[in-house]
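# Secondary and tertiary structure notes
Next come the chains, spelled out residue by residue.
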Amino acid sequence: MNEARKIIVVGGGITGLTAAYYVRKRLKEAGCTADVTLVEGAEKLGGRIHTLRKEGFVIEKGPDSFLARKLPIIELSRELGLEGELTGTNPEAKKTYILRDGTLHPMPAGLVLGIPTDIEPFMRTGLVSAKGKARAMMDLVLPKKEDDSDESLGHFLHRRLGKEVLDQIVEPLLAGIYAGDTYALSLQSTFPQFGEMEQQYRSLIYGMISNRKKSQQEALNLPAPGRNSVFLTYKNGLQTLVERLEEVLREEGVTIRTGTKVTELRKEGELYEVGYEGGQRETADSVILTLPTYHSAELLGDHPSVDKLRAINYVSVANVVIAYREKDANVKFDGSGFLIPRSEGRSITACTWTSTKWLHTAPEDRVLLRCYVGRSGEEDWVHLTDEEIVAKVRKDVAELMGITAEPLFYEVTRLYRSMPQYPVGHLDHVRELRSDLAERMPGVYVTGAGFHGVGLPDCIRQGREAAFEAVDRLTG
Ligand code: FAD
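Reference entry: report on the structure contained in this document. All of these numbers come straight from a predicted model, not from anything done at the bench.

A separate point is the packing of helix α1 (residues 14–29) against helix α18 (residues 456–475). Relative orientation of the contacting elements α1 and α18 amounts to 40°, with a least axis distance of 7 Å. One element, α1, and the other, α18, form an angle in the oblique class. Between α1 and α18 lies a crossing of right-handed hand. Residue-level contacts link Ile 14, Thr 15, Thr 18, Ala 19, Tyr 22, Val 23, Arg 26 and Leu 27 of α1 to Leu 456, Cys 459, Ile 460, Gly 463, Arg 464, Ala 467, Phe 468, Val 471, Asp 472 and Thr 475 of α18.

Given below as structure tokens:
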């Protein structure tokens, strides 16, 4: 590569920040120079990541942690010198509850993603009826599906474990990740390992048991807090990662433009013209779009493959963080929180006992709760004011935990169209889109949470993959 080239990364969420970071890194490794610009529509970087540090509390308004066993975020943390900042959950707060008929029941030991891997505690739980348990155990003898085509997550779990385990345990647990309707979510795009286990072991339960042993082995390679905790975060909040990435990008000479919305993307010969709100334009050899898919679709023109991208539904959710004096709350929290199945008809879908689960998040003698509102099919909250949402949340908090005290403060976060719902066939749609783009717009890459995984480690992996592809095309 002789003359200075340019790569523009659009979107300053975790995918875009990571893409810009790995573009720089790959260019350096290849001994090449190119200008790199990161463009973000909002005034702040981080996208859905937003940590509020207030009165000694560390409050997450978006994501609050990540799965320790997913390596891309561990590798990135190591590269950025953040390994020492990682922290796990309180080992004393392992218990999670699920509401059934108005009562909180502890989740039986050995559930992995809601699938029983320890049969005895599952057989003792009051969460599932005897009939429901017997139906779930049929997974051990039912034949496997004949082909490995995509189906909905709900249909798959219903088929293997029965409706009761799906509704009472698995759906509320997975709702925390996708806020979705399991019958509308693609199995292959959300939990492909379930389908693979069925194909390999025939039984999902047996597959999960075998896999658990493998995961325990793999955990030995994780940094110390990750060996004992399923989830990790940073001691001063997830914003730590965003701040460090921004710092490194600036040191590396990446141009960062915040408050700049991209409104147009046009092919000009071999190059691309990127148009900004307000009329400014810039030309680049390569463009990496890391936006929610409904925004990326606006920039990619009319095409059947883009229509499928545009059609991906994003669910709107909200959360309410409430802080109390410990003596006012007057509750002994002995776990990390609870989940609520749809059938319970509550306003909240789950509650994390944040200050018990994550010891760094609140000063001593203070309590921090985070209540979740909204999921697929339950999005009416968008028409409510913050005060109305808080009133509904406090009613549930009073009825389910007995806390009626006046809070020290609360924070409402509205996350409109934030949870992508991968439809059945999503992987094929993405393949189609990418091959269409490779032909129509070579050098333009689309990625992010709307493609191959919503979790932060998956976003980092996707940002890195797009960065490598873009640089390799320019330098290859
Ligand atoms: P985003 O964060 O959405 O970033 C996209 C960026 O593009 C935004 O900053 C936006 O302003 C910008 N943008 C949009 N249009 C334009 C434009 N035209 N021009 C320029 N910029 C534009 N994951 C976990 O691993 N653990 C969790 O605990 C967890 N909890 C979650 C809780 C909630 C409430 C939500 C919503 C998500 C959660 N997730 C969690 C998922 C994870 O947070 C997201 O999938 C991830 O942050 C998405 O990153 P992204 O960079 O792909 O997209």
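Attention shifts here to the pairing of strand β3 (residues 51–54). Note that β3 and strand β4 (residues 57–60) share 4 bridges and pair antiparallel. For Lys 54, the partnering residue across the bridge sits in β4 and is Phe 57. Linkage of β3 to β4, two consecutive antiparallel strands, is achieved through a turn of 2 residues, within which Glu 55 is found at a positive phi near 50°.

Moving on: unusual backbone geometry. In this structure, Leu 113 takes a positive phi of about 55° despite not being glycine. Tracing the chain through its elements places Leu 113 in the loop between β9 (111–112) and β10 (115–116). Phi is positive for Arg 417, close to 40°, though the residue is something other than glycine.

Among the residues making up helix α4 (residues 130–137), those that are buried are Gly 132, Lys 133, Ala 136 and Met 137. For α4, the angular spread of the buried residues around the axis is 135°, confining them to a single face. Of the residues in α4, the exposed ones pointing more than 90 degrees away from the buried face are Ala 130 and Lys 131. Turning to α4, the residues buried within the fold contact α3 (119–124), α5 (153–161), α6 (163–178) and α9 (204–219).

Thresholds, definitions, all that
Residues numbered from 1 in each chain as written. Predicted model: local features only at pLDDT ≥ 70, side-chain atom pairs only at ≥ 80, totals over all residues. Heavy atoms only, no water. Axes fitted to C-alpha atoms, helices over the stretch in contact; angles between N-to-C directions. Helix = DSSP H or I, 4+ residues; strand = E, 2+ residues; numbered from the N terminus. Parallel < 35°, antiparallel > 145°, perpendicular 65-115°, else oblique. Left-handed = near helix turned anticlockwise from the far one by under 90°. Contact = heavy atoms within 4.5 Å. Pairing = 2+ DSSP bridges. Buried < 20%, exposed > 50% of the residue type's maximum accessible area, 1.4 Å probe, protein only. Arc of directions from axis to C-beta.

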